[in-house]
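Coordinate analysis (summary)
Spelled out, the chains give:
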Amino acid sequence: MKQRHWNQKVDVLGKHQPILTRRRRGAMALILALLATVGCILGLCAWLHSPPHPYSVPVWVAEYRASALPTNVAAILDRQAIRAASGMPPLGAQVLSSQQRHLLLEQLASLVDRPAHEDVSVYVCAYAAHGPDGPCILPADADLDDPQTWLSLRCVLTNLALCPAKRKLLILDFSWPMVAPREGLISTNLAATIPAELAAVEDPNRLVLTACSPGQVATPSQVRK
């Protein structure tokens, strides 16, 4: 019988070491498989999550009472297409009255009551003109001879800034070229006035999309589905 000295090192694992190594590899493979499965489940849950439905305020003016203001046919077609795509019913005979200045102001004033966790979007589509204090939207009951009947962009921005929502989207689509029979072309380079208005009303939670850049005007698409 082979004798060992008292200070000789002994290989405790011996021939069992390869078996333990295989077990470790199997355990690691099992852990990785579980992590991959959990990742797939989380990704699937995120994909199946319903898309957000923000609180929307449409400041959409396409028809006017004053004969001096032409109907924005392109905006009407856009409105019909968007409402049809979103499953909203077509507008009835009340469409013109809903575009009046005082009702638009009521819609904007309601933004202050929205909860902070809610997403908010404001879509502004209308003819506009240069007012005494900056660009102004022309409501359905606007009088070209009276700027007091117009709705200033500053008013829209101020009401949106008072909204406590953390994520707010503002879409400005009022750079339409407009030729009035009596005044001629009155909507000129309105896009150039937008940056100064945005800088005047600070709102870190606001994202703004505009229809065109300074020096450009909005044009309707020739292809509609």
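Scroll up a little and you will see the structure.
Residues numbered from 1 in each chain as written. Predicted model: local features only at pLDDT ≥ 70, side-chain atom pairs only at ≥ 80, totals over all residues. Heavy atoms only, no water.

Describing the sheet that holds strand 1 (residues 55-60)
The condition that has to hold: If DSSP finds at least two bridges between two strands, the strands pair. A run of DSSP states H or I qualifies as a helix once it reaches four residues; a run of E qualifies as a strand once it reaches two. Both are numbered from the N-terminal end. Axis definition: a line fit to C-alpha positions, over the contact stretch in the case of helices; interaxial angles, taken between N-to-C directions, run 0 to 180 degrees. By the convention used here, residues are in contact when the closest approach between their heavy atoms is within 4.5 Å.
Spatial ordering of the open sheet is given by 1-2-6-9, a layout of four strands whose pairing is parallel. In this open sheet, the two edge strands, each paired with only one partner strand, are strand 1 and strand 9 (206-210). Between one strand axis and the next, the sheet turns through 10 degrees on average, direction left out of account. Note: strand 2 (residues 119-125) against strand 6 (residues 167-173), seven bridges, orientation parallel. Looking at strand 6, one finds that D119 is bridged to R167. Contacts from helix 3 (residues 101-109) reach strand 1 and strand 2 within the one sheet, and its direction differs from that of strand 1 by about 155 degrees. Here helix 4 (residues 153-162) sits on the sheet and contacts strand 2, strand 6 and strand 9; the angle it forms with strand 6, its principal contact strand, is near 165 degrees.

Details of a nonpolar patch on the surface
The following threshold applies: A patch is a set of surface residues, each over 30% in relative accessible area and not in a salt bridge, joined within 9 Å for like charges and within 5 Å for the nonpolar side chains Val, Leu, Ile, Met, Phe, Trp and Tyr. The Shrake-Rupley method, run with a 1.4 Å probe sphere, supplies the accessible areas, and residue values consider only the shown protein chains as cover. What counts as a salt bridge is simple: a side-chain nitrogen of Lys or Arg found within 4 Å of a carboxyl oxygen of Asp or Glu. Partly exposed residues are those whose accessible area sits between 20% and 50% of the maximum for their type, while under 20% is buried and over 50% is exposed, using a 1.4 Å probe and protein chains only.
Judged by side-chain polarity, M28, I31, L32 and L35 come together as a nonpolar surface patch covering roughly 420 Å² of accessible area. A residue is classified by how much of its surface remains accessible, and L32, at 54% relative accessible area, is exposed.

Quick word on the sheet that holds strand 5 (residues 151-152)
Pairing in this open sheet of three strands is antiparallel, and the strands run 3-4-5 from one edge to the other. Whereas interior strands pair on both sides, the edge strands pair on one side only; in this sheet they are strand 3 (128-131) and strand 5. Relative to strand 5, strand 4 (residues 134-137) runs antiparallel, the two sharing two bridges. Bridging across to strand 5, I137 finds its partner in L151.

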